[in-house]
Amino acid sequence: MAELAAWLRDPSPKSRLQARLGQGYMGWLRFRRNPLAMIGLLIVMLLLVVAALAPVLAPHDPITQDLRMRLLPPLTEGHILGTDDFGRDILSRLIMGSRITLFIIAMVAVTAPLFGMLVGTVAGYFGGLVDEVLMRLTDIFLAFPKLILALALVAVLGPGMENAVLAIALTSWPPYARVARAETLTVRNSDYIAAVRLQGAGAGRIILGHVMPMCLPSVIIRVTLDMAGVILIAAGLGFLGLGVQPPMPEWGAMISAGRKYLFEQWWVATMPGLAIFIVSLGFNLLGDGLRDVLDPRNSGK
Amino acid sequence: MTLLSVQNLRVSFDTEAGLVEAVRGVSFSLGRERLGIVGESGSGKTQTGRAVLRLIRPPGRIEADRMDFDGQNLMTASEREMRALRGRRIAMVMQDPKYSLNPVMKVGAQLMEGLRQRDRLGRAEAHAKAVAALDAVQIRDPERVMEAYPHELSGGMGQRVMIAMMLIPDPDLLIADEPTSALDVTVQAEVLSILDGLVRTRGMGLIFISHDLRLVARFCDRVLVMFKGRVVEELAARDLMQARHPYTQGLLNCLPRIGGPRVPLPALDRNAEWAR
Amino acid sequence: MALIEIDNLSVTFTAKGRPVHAVRGVSLAVGERESYGLVGESGSGKSTILRAICGLAPVSGGTIRIGGQPLPEPRGRAFSRQVQMVFQDPYASLHPRHTIDRTLSEPLAIHGIGETDARVVRALEDVGLPASFRFRFPHQLSGGQRQRVAIARALMLEPKILLLDEPTSALDASVQAETLNLLNRLRAERGLTFLMVSHDLAVIDHMCDRILVMQHGQAVEELPREALAAAAMKTAYAQSLFAASADRMLES
């Protein structure tokens, strides 16, 4: 262990891999100093583990109905978080639902930022007409509230998990394009870009190899901070019955189903609400911590 | 009379890469005179200057056997007492005025802010004092500069404004950290002469921090030469040419001279032994 | 025939809707293997001339010829192999997220030149950096070491002309000496032609054979090195620059 740490801290790495890992290790040491970020990381890791082991962890089948066990309060024997209106164990549904939440997050987190970054860097690097056209397009998407736009898209595409993901991704790329463009504008005129241009590099090479790495940290931070919003939109779509379809245990749809019993059987809606709250909080804390580590303005010294 | 006395000052940073000792046991004392601190980057000269004002942020740590300013112990002073000292009795001029002036506030407002809040002066009085301060740093058109934003000033002008601002409360000690390295040579000489004149006429102490021995020699009475966090030589500025320490000699000799021979410049010998 | 010929060059930017004449009708010629210096205060247009040669500043009038040929627009890869530049601030001219290895191998990749490993190692050696620096990031290097990397990068494509934009003004006096020595050694070894910009007369004097003093975008006076040492300037401005040079301070 000590040997590994020394290898990672080596100020003169012997290979590209060691240099990369060493950088990562230094970032991790910085990250570790922030206790709130560690809590965020813990929550996100927990979500990952729960999602991975969901079938093993869930004490009951999340879909099988049992009307005799309907609306049991929390702490009932065998149902720690109680049961819903069809007698399904809420804990089991939350655990299985984490997979759906994670799937949506993962899909959105991969597609939207990539697309947004591409639009933003291209617009920022070329400027002029290209910038005008791409940014006005971005503005059009930004002009609508995210949820409304997602609703409209799902209404056209039809309800379902894949379409929900597509709708969320299509509505969440514009902020990334903005962030990437702003970053590109500051980077574009720097000496290191001038230097690589002077070496005869083409626009594609400069954008992919030199500009994007500088935008990546701000975009990653933005993604983690946005994850909470993505979960909420997915939940919102589920709540309105346009996202994941029953009987799949999606957290938003679960709140929607519990709405009818909110005053008498509060736990049916509250438990999935708590789950959304905790996971959103986790991503937010993680994003704040990552900002301290990744922000190019802080790195170096 | 001793204004500032520092004994065995140490500044260290506990970073991810391990403990970094920036200043390792520096001692000096200063009267109402001009002291130069010279060294390469990383020699600890800047941290020494900042440590006097206790401007080292965590994870940095300051330790010293003694650090007294005009009879007050700076090591045990509360943060509140330090705030009362900073600016009012000990002022600091930094390298680049671009980062020291508030970009969205007019110069005049920045100059008057301290006067109005700290000294509770009226508007007209503060204005008059601010104009006088700009006048003292030989700004020809102070009224126009008062109405300007920092980005509308040239580097030399900006640095003069900084000096004017620092000198308004009439501090006893001025710490100037590379005050002219961002400026052109012609402007550099001008700004330094102004600074020099003010320090002399007001009888302040000056700590002038620079990597350029020539400047320090010209504008100081005494010079500390720092290397790797330690003082390797202390001597009167006029004796600089007779410096005995090979490191000081090296710093002097490595500068190109107009009309000098076309041979490689002597490389600076950085013998780690000297820093022990 | 001179290697670099600049004839009546003008550069005009538009800032806030107003034209700014950064360079106004400057002509100069630099012979092969010569070292030519541009001196002036900031805003005198000296750096703009270098950027105009590289196609990084808008030329509004006059011509620039390298080896008798007018420069193509955009500059293109053939130009990259002829002319390279070292920038003023080594903290801003290296990509902060690329290792030294990546920075140095990038020009090779762009031009499809092979044997990357051997060339990178040799380049580090040539500028006096240990091979162990190869996979470091710029922030793990001092200012002087970074400038060495920048010089190594400029030489990767083996250009004939090196444009030096205040290559030592961001460095300590002691590191400046090492960097100047390195540049002089490389020039002798490779038969390079230097076009160097500085505000420090002593540095220019040490490095250059001929000097052009500039002010407000215009050429004031061209001096051979001997005239500078003898303080034989004709114009008052050149004289005042000479008088203000830090080099004079120890003597007064």
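Just so we're clear, the structure is a prediction, and the values are computed from it rather than from any experiment. (Residues numbered from 1 in each chain as written. Chains lettered and ligands numbered in written order. Predicted model: local features only at pLDDT ≥ 70, side-chain atom pairs only at ≥ 80, totals over all residues. Heavy atoms only, no water.)

K.L.:
Please explain the interface of chain C and chain B as it appears in this structure.
P.N.:
By a widely used convention, the size of an interface equals the accessible area lost when the partners come together. Between chain C and chain B, the contact holds 36 residues from the first and 30 residues from the second. Carbon and sulfur atoms supply 56% of the area buried between chain C and chain B, which totals about 3000 Å² over both sides. The interface formed by chain C and chain B includes 1 salt bridge. Its salt-bridge partner being Asp209 of chain C, residue Arg262 of chain B comes within 3.6 Å of it at the nearest N-O pair. The interface formed by chain C and chain B includes 8 residue pairs in polar contact (both at pLDDT 80 or more). Counting residues per element, the ones that place at least two in the side of chain C that touches chain B are α6 (173-190), α7 (201-207), α8 (225-229) and α9 (236-244) of chain C. For the side of chain C that touches chain B, the element with the highest residue contribution is α6 of chain C, accounting for 8 residues. For the side of chain C that touches chain B, the per-class residue count stands at 18 nonpolar, 9 polar and 9 charged. (Contact = heavy atoms within 4.5 Å. Buried area = accessible area lost by both parts, 1.4 Å probe. Salt bridge = Lys/Arg side-chain N within 4 Å of Asp/Glu carboxyl O. Polar contact = N/O pair within 3.5 Å; in protein donor to acceptor, adjacent residues only side chain to side chain. Helix = DSSP H or I, 4+ residues; strand = E, 2+ residues; numbered from the N terminus. Nonpolar A, V, L, I, M, F, W, Y, C, P; charged D, E, K, R; others polar.)

K.L.:
Honestly, the sheet that holds strand β10 (residues 222-227) of chain B in this entry has me stumped. Any pointers?
P.N.:
Backbone hydrogen bonds are what pair the strands of a sheet, in a parallel or an antiparallel way. All names here are of chain B. The 6 strands are arranged β7-β8-β9-β3-β10-β11 in an open sheet whose pairing can be described as mixed. Strands with a single pairing partner mark the edges of an open sheet, and in this sheet they are β7 (90-93) and β11 (230-236). Put simply, the sheet's adjacent strands are angled 15° from each other on average, direction ignored. Pairing between β10 and β11: 6 bridges, direction antiparallel. The residue of β11 that forms the bridge with Met226 is Val231. The sheet strands contacting helix α1 (residues 45-52) are β3 (34-38), β7, β8 (173-177), β9 (205-210) and β10, and the helix crosses β9 at an angle near 150°. Strand contacts of helix α10 (residues 246-253): β3, β10 and β11, with the helix running at about 100° to β10, the strand carrying the most contacts. (Pairing = 2+ DSSP bridges. Axes fitted to C-alpha atoms, helices over the stretch in contact; angles between N-to-C directions.)

K.L.:
Looking at this structure, how should I read the confidence of the model for chain C?
P.N.:
When pLDDT drops low, the exact placement of atoms in the prediction is not to be read closely. In the predicted model, chain C carries a mean pLDDT of 89, and 97% of its residues have values of at least 70. Here the predicted complex scores 0.83 on pTM and 0.89 on ipTM. (pLDDT = per-residue confidence, 0-100.)

K.L.:
Can you walk me through the pairing of strand β8 (residues 193-198) of chain C in this structure?
P.N.:
The two faces of the sheet receive side chains in turn, since in a regular strand these alternate between them. Residues and elements named next belong to chain C. When you tally the buried positions in β8, you get 6 out of 6 residues, the bulk of the element. Residues of β8 alternate between two faces, with Thr193, Leu195 and Val197 on one and Phe194, Met196 and Ser198 on the opposite face, all of them buried. Relative to β8, strand β3 (residues 35-39) runs parallel, the two sharing 5 bridges. Of the residues in β8, the one forming a bridge with Ser35 is Phe194. Between the parallel pair strand β7 (residues 161-165) and β8, the chain is carried across by α6, and the sense of this crossover is right-handed. (Buried < 20%, exposed > 50% of the residue type's maximum accessible area, 1.4 Å probe, protein only. Right-handed = clockwise from strand over helix to strand, strands pointing away.)

K.L.:
Help me out: how do you make sense of the interface of chain C and chain A in this one?
P.N.:
Chain C puts 34 residues into the contact, and the matching count from chain A is 28 residues. When the two sides are added together, the surface that chain C and chain A hide from each other amounts to roughly 2700 Å², 55% of it contributed by carbon and sulfur. Ranking the residues of chain C by area buried against chain A places His95, Arg97 and Phe135 of chain C at the top, with a combined share of 24%. Viewed at the interface, chain A and chain C are joined by 2 salt bridges. Between Arg205 of chain A and Glu106 of chain C there is a salt bridge, and its shortest N-O distance comes to 2.9 Å. Where chain C meets chain A, there are 11 residue pairs in polar contact (both at pLDDT 80 or more).

K.L.:
Got a minute to help me understand a nonpolar patch on the surface in this structure?
P.N.:
All names here are of chain A. Together, Met1, Leu4, Trp7, Leu17 and Leu21 give the surface a local cluster of nonpolar side chains, amounting to about 570 Å² of exposed area. Breaking the nonpolar patch down by element, the ones donating at least two residues are α1 (2-9) and α2 (16-32). What makes Trp7 partly exposed here is its relative accessible area of 35%. (Patch = residues over 30% accessible without salt bridge, like charges linked within 9 Å, V, L, I, M, F, W, Y side chains within 5 Å. Areas by Shrake-Rupley, 256 points an atom, 1.4 Å probe, with all protein chains shown as cover.)

K.L.:
What's the story with α6 of chain C in this structure? I'm lost.
P.N.:
Because the α-helix completes a turn every 3.6 residues, residues three or four places apart line up on one side. Residues and elements named next belong to chain C. The end-to-end C-alpha distance of α6 is 26 Å, a good match for the 26 Å that 18 residues give at a rise of 1.5 Å each. Counting buried positions along α6 yields 13 of 18 residues, so the element is predominantly enclosed. Gly191, located one to two residues past α6, shows a positive phi value of around 60°. (Expected span 1.5 Å × (residues − 1).)

K.L.:
Which parts of the structure should I look at to understand the side chain of Ser92 of chain A?
P.N.:
Here Ser92 of chain A shows up in helix α5 (residues 90-126). Dropping the residues within four chain positions of it, Ser92 of chain A is found in contact with Ala58, Pro59, His60 and Pro62 of chain A.

K.L.:
What am I meant to see in the nonpolar core here?
P.N.:
Proteins that are soluble and globular tend to have nonpolar side chains buried together. By size, the foremost hydrophobic cluster in this structure holds 68 residues, and its most contacted members are Leu94, Ile104, Ile168, Trp251 and Phe283 of chain A. Put simply, the parts of the chain that give this core at least two residues each are α3 (35-52), α5, α7 (146-157), α8 (161-188), α9 (191-198), α10 (203-239), α11 (251-258) and α12 (267-294) of chain A. Take this core: its biggest share by element is 16 residues, from α10 of chain A. Setting aside chain neighbours within four positions, we find Phe283 of chain A in contact with Val44, Leu47, Ile105, Thr224, Met227, Ala228 and Ile231 of chain A. Leu115, Val131, Ala148 and Leu192 of chain B belong to the second largest nonpolar core, which has 60 residues in total. (Core = buried A, V, L, I, M, F, W, Y, C linked by side-chain atoms within 4.5 Å.)

K.L.:
Mind showing me how you'd approach the pattern of salt bridges here?
P.N.:
Once the charged atoms of two side chains with opposite charge are near each other, the side chains can pair. Residue and element names in this part refer to chain A. Enumeration over the complete set of coordinates arrives at 41 salt bridges over all chains. A salt bridge links Arg136 to Asp139; the shortest N-O distance between them is 2.9 Å. Linking Arg136 with Asp139, this pair stays in helix α6 (residues 128-143), spanning 3 residues, or about one helical turn. For Arg136, a relative accessible area of 38% corresponds to the partly exposed category. Assessed through its relative accessible area of 27%, Asp139 is described here as partly exposed. Counted as one network, the salt bridges with shared partners bring together Glu132, Arg136, Asp139 and Arg178.

K.L.:
When you look at the packing of α9 of chain A against α10 of chain A in this model, what are you seeing that I'm missing?
P.N.:
For any two helices packed against each other, one specifies the inter-axial angle together with the distance between the axes. All names here are of chain A. Put simply, α9 and α10 touch, their axes get as near as 11 Å, and they point 170° apart. Comparing their axes, α10 and α9 come out roughly antiparallel. On the side of α9, the interface is formed by Tyr192, Ile193, Val196 and Arg197, while α10 contributes Ile206, His210, Val211 and Met214. (Parallel < 35°, antiparallel > 145°, perpendicular 65-115°, else oblique.)

K.L.:
Help me understand the sheet that holds strand β6 (residues 83-86) of chain C, please; the structure alone is not making it clear to me.
P.N.:
Residues and elements named next belong to chain C. In space, the 6 strands of this open sheet follow the order β6-β7-β8-β3-β9-β10, with mixed pairing throughout. Sheet topology places β6 and β10 (218-224) at the edges, where each strand pairs with a single neighbour. Going from strand to strand, the sheet's axes swing by 20° on average, the running direction of each strand aside. Contacts from helix α1 (residues 46-53) reach β3, β6, β7, β8 and β9 (210-215), with the element oriented near 140° to β8.

K.L.:
Would you take a moment to explain the state of the cysteines for this structure?
P.N.:
When the sulfur atoms of two cysteines share a covalent bond, that bond is a disulfide. One pass over the structure, following the stated rule, counts 0 disulfides over all chains. Cys220 of chain B forms no disulfide, and the closest cysteine sulfur to it belongs to Cys254 of chain B, at a distance of 18 Å. For Cys220 of chain B, a relative accessible area of 5% corresponds to the buried category. With no disulfide partner, Cys208 of chain C has as its closest neighbouring cysteine sulfur the one in Cys54 of chain C, 17 Å distant. Residue Cys208 of chain C is classed as buried on the basis of its relative accessible area, which comes to 0%. (Disulfide = S-S within 2.5 Å.)

K.L.:
Looking at this structure, how should I read the packing of aromatic side chains?
P.N.:
By convention here, two paired aromatic rings are described through the distance between centres and the angle between planes. Tallying each qualifying case throughout the model produces 6 aromatic pairs over all chains. A cation over a ring is seen here: Arg187 of chain C above Phe194 of chain C, with NZ or CZ 5.6 Å from the ring centre. (Phe/Tyr/Trp six-rings, centres within 6.5 Å; stacked < 30°, edge-to-face > 60°. Lys NZ or Arg CZ within 6 Å of the ring centre and 35° of its normal.)

K.L.:
How do you make sense of helix α3 (residues 100-110) of chain C when you look at a structure like this?
P.N.:
Residue and element names in this part refer to chain C. The buried fraction of α3 amounts to 9 of the 11 residues, a majority that puts the element mostly inside the structure. Every buried residue of α3 is listed here: Ile100, Asp101, Thr103, Leu104, Ser105, Glu106, Pro107, Leu108 and Ile110. The positive-phi residue at the C-terminal boundary of α3 is Gly112, with phi of around 65°.

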